[in-house]
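Chain by chain, the residues:
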Amino acid sequence: MENYTKGKNVEQEWTKETVPIPNLPENFTWMHVKGGSKMCNLLEYALKAFKETGAVLWTGCGPAVVKTVSCAEIMKKRFKGLHQINKICYTKVEEFWTPLQEDLEELVVTRELPTIHILLSNETLDKEEPG
């Protein structure tokens, strides 16, 4: 790999339609947790928004999965009696590597990172849904 420089990363985008949780509430707050996110900032925003919307969807990918679970657990401790659905899946990330020599081709490496989605809601969720 000494003949290549790392280029851009293209990560799969999550939309309301592609999240593996069926029947998402109409109004919810979506918290995308990153590895460098500060938990106090995430929780401060999510707790305020939860009072308005009544539902929060936590999403974390790769190294942020642990932080995502921690945020959801802290939120469950603050608001007793929440309903929860968890889904674990993978996010595709394409890494582009640019050659340093003219006779080499550009490389594209596809990685799949573990991802977690945690839906917390005041309203009763589908009890038949696994997770």
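Identification of the protein chain as DNA/RNA-binding protein Alba-like domain-containing protein from Laodelphax striatellus is taken from an unreviewed UniProt entry. What UniProt records for the protein chain under Sequence similarities (unreviewed entry) is the sentence "Belongs to the histone-like Alba family."

Colleague: I'm lost on helix α1 (residues 39–53) in this one. Help?
Modeller: Think of an α-helix as turning once every 3.6 residues; residues three or four places apart then point the same way. Its 15 residues give α1 an end-to-end C-alpha distance of 20 Å, which sits within 8% of 21 Å, the value for a rise of 1.5 Å per residue. Listed as buried for α1 are Leu42, Leu43, Ala46, Leu47, Ala49 and Phe50. On its buried face, α1 is in contact with β2 (29–33), β3 (55–61), α2 (65–78) and β5 (107–121). Gly54 sits one or two residues past α1 and shows a positive phi near 80 degrees.

Colleague: I would appreciate a short explanation of the UniProt feature "domain: DNA/RNA-binding protein Alba-like" (unreviewed entry) in the protein chain in the present structure.
Modeller: In the UniProt entry, the feature "domain: DNA/RNA-binding protein Alba-like" (unreviewed entry) is given for residues 30–91. Span residues 30–91 is 47% helix and 32% strand, its end C-alpha atoms 17 Å apart.

Colleague: What should I look at first to understand the packing of α1 against α2 in this one?
Modeller: Two quantities define a packed helix pair, namely the angle between the helix axes and the distance between the axes. Contact geometry for α1 and α2: axes closest at 11 Å, N-to-C directions at 45 degrees. The angle between α1 and α2 places the two elements in the oblique class. When you trace α1 past α2, the crossing you get is right-handed. Facing α1, whose interface residues are Met39, Leu42, Leu43, Ala46, Leu47 and Phe50, α2 presents Lys67, Ser70, Cys71, Ile74, Met75 and Arg78. Residues belonging to the contact of α1 with α2 are distributed by class as follows: nine nonpolar, one polar and two charged.

Colleague: Got a minute to help me understand unusual backbone geometry in this structure?
Modeller: Keep in mind that most residues, glycine aside, have a negative phi and that most peptide bonds are trans. The backbone of Asn23 shows a phi angle near 55 degrees, a positive value even though the residue is not glycine. Mapped onto the secondary structure, Asn23 falls in the loop between β1 (4–11) and β2. Classification of Asn23 by relative accessible area gives exposed; the value is 66%.

Colleague: I keep staring at the sheet that holds strand β4 (residues 83–99) and nothing clicks. Help me out?
Modeller: Sheet strands pair by backbone hydrogen bonding; their relative direction is either parallel or antiparallel. Reading across from one edge, β1-β4-β5-β3-β2 is the order of the five strands in this open sheet, with mixed pairing throughout. Bordering the open sheet on either side are β1 and β2, each of which pairs with just one other strand. Here the strands of the sheet are splayed against their neighbours by 25 degrees on average, with no regard to which way each runs. Relative to β5, β4 is paired through 15 bridges, and the arrangement is antiparallel. By the bridge assignment for β5, Tyr90 is matched with Pro114.

Definitions and cut-offs
- For every chain, the first residue of the written sequence is number 1, and numbering continues from 1 along that sequence.
- With pLDDT at 70 or above as the cut-off, local features in this predicted model cover only qualifying residues; side-chain atom pairs require 80 or more to be listed or tallied, and sums for whole chains, interfaces and linings still use all residues.
- The side-chain values count all of the structure's non-hydrogen atoms but skip hydrogen atoms and water molecules.
- UniProt positions are given in the numbering used here, feature names are shortened, and annotations may be inferred rather than shown by experiment.
- Going along the chain from the N terminus, every DSSP run of H or I of four or more residues is numbered as a helix, and every run of E of two or more is numbered as a strand.
- A helix is expected to span 1.5 Å for every residue after the first.
- Whether a residue is buried, partly exposed or exposed follows from its accessible area with a 1.4 Å probe, protein chains only, as a fraction of its type maximum: under 20%, in between, or over 50%, in that order.
- Here, residues are in contact when the closest pair of their heavy atoms is within 4.5 Å.
- Angles run from 0 to 180 degrees between N-to-C directions of axes, and those axes are lines fitted to C-alpha atoms, restricted for helices to the stretch in contact.
- For classification purposes, an angle smaller than 35 degrees is called roughly parallel, one larger than 145 roughly antiparallel, one from 65 to 115 roughly perpendicular, and anything else oblique.
- By convention, the crossing between two helices is left-handed when the near helix turns anticlockwise from the far helix through less than a right angle, and right-handed when the turn is clockwise.
- As a working rule, the residues Ala, Val, Leu, Ile, Met, Phe, Trp, Tyr, Cys and Pro are called nonpolar, Asp, Glu, Lys and Arg charged, and the rest polar, with Gly in that last group.
- DSSP calls a pair of strands paired once it identifies at least 2 bridges connecting them.

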